[in-house]
Amino acid sequence: RASIRLKDAQFFAHANLADALASQKRYDEAIVEYQSALRWNPNLVPLIFRLGTAQMDSGELDEAIATFERAKALAPAEREVTEALARAQKLRGQAK
């Protein structure tokens, strides 16, 4: 039980810190924290989505697309994921 509580505490610490950093537009730091949180809960679609959003906002479009595709594979009916994937693909097309 103690290890489960520790795992949950570490997950929430990384996830909450990532959200705070992203809200401050400190995307590179937020990305690291989202990735750390996802090590504890790798298939949590809302967190994968937020990682993709931070990647897109930091200009890491290829990474964002791969992340949104991962989220879409886990939750194909999530409209928000589909729209974010399309936005990232459009931005990548404009950047080339």
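Refer to the structure presented above.
Quick look at the structure, then. These numbers come from a predicted model, not from an experiment.

### Comments concerning the side chain of Glu 33
Argument step 1. The topology assignment puts Glu 33 in helix H2 (residues 27-40).
Argument step 2. For Glu 33, which is buried and forms no salt bridge, the nearest opposite charge comes from Arg 39, at a distance of 7.8 Å.
Argument step 3. Beyond its immediate stretch of four places on either side in the chain, Glu 33 contacts His 14, Leu 17, Ala 18 and Leu 21.

### Some words on the nonpolar core
Argument step 1. Ranked by size, the top nonpolar core spans 28 residues in total, and within it Tyr 34, Leu 47, Met 56 and Phe 68 carry the most contacts.
Argument step 2. Secondary structure elements with two or more residues in this core: helix H1 (2-23), H2, helix H3 (45-57), helix H4 (61-74) and helix H5 (79-95).
Argument step 3. Once residues within four sequence positions are removed from consideration, Met 56 is found in contact with Leu 61, Ala 64, Phe 68, Ala 84, Arg 87, Ala 88 and Leu 91.

### Digging into the packing of aromatic side chains
Argument step 1. Scanning all chains against the criterion turns up 2 aromatic pairs.
Argument step 2. On the numbers, 5.0 Å between centres and 70° between planes, the contact of Phe 11 with Phe 12 is edge-to-face.
Argument step 3. Ring centres 5.8 Å apart and planes at 45° place the aromatic pair Phe 49 and Phe 68 in the tilted group. Of this pair, Phe 49 sits in helix H3 while Phe 68 sits in helix H4; the two residues are 19 residues apart in sequence, bridging distant segments of the chain. Pair check on accessibility: Phe 49 and Phe 68 agree, each one buried.

### Some details on the environment of Leu 51
Argument step 1. Along the polypeptide, Leu 51 turns up in helix H3.
Argument step 2. What makes Leu 51 buried here is its relative accessible area of 4%.
Argument step 3. Considering only alpha carbons, one finds Leu 51 and Val 32, 19 residues apart in sequence, at a separation of 9.0 Å.
Argument step 4. Here Leu 51 is in contact with Ile 31, Tyr 34, Gln 35, Leu 38 and Thr 67, once residues within four sequence places are set aside.

### Notes on the pattern of salt bridges
Argument step 1. In the structure shown here, the tally under the stated rule is 4 salt bridges.
Argument step 2. Here Arg 26 ties to Glu 29 by a salt bridge, and the two come within 2.8 Å at their closest N and O atoms.
Argument step 3. In this structure, the salt-bridge partner of Arg 92 is Asp 62, at a minimum N-O distance of 3.1 Å. Taken together, the residues span a long stretch of sequence, with Arg 92 in helix H5 and Asp 62 in helix H4 at a distance of 30 residues.
Argument step 4. The class for Asp 62 is partly exposed, based on a relative accessible area of 48%.

### Examining unusual backbone geometry
Argument step 1. Residues other than glycine seldom take positive phi values, yet Lys 25 does so here, at roughly 65°.
Argument step 2. Look at Lys 25 and you get exposed, because its relative accessible area is 62%.

The rules behind the values
- Residues numbered from 1 in each chain as written.
- Predicted model: local features only at pLDDT ≥ 70, side-chain atom pairs only at ≥ 80, totals over all residues.
- Heavy atoms only, no water.
- Helix = DSSP H or I, 4+ residues; strand = E, 2+ residues; numbered from the N terminus.
- Buried < 20%, exposed > 50% of the residue type's maximum accessible area, 1.4 Å probe, protein only.
- Lys, Arg positive; Asp, Glu negative; His and termini not counted.
- Salt bridge = Lys/Arg side-chain N within 4 Å of Asp/Glu carboxyl O.
- Contact = heavy atoms within 4.5 Å.
- Core = buried A, V, L, I, M, F, W, Y, C linked by side-chain atoms within 4.5 Å.
- Phe/Tyr/Trp six-rings, centres within 6.5 Å; stacked < 30°, edge-to-face > 60°.

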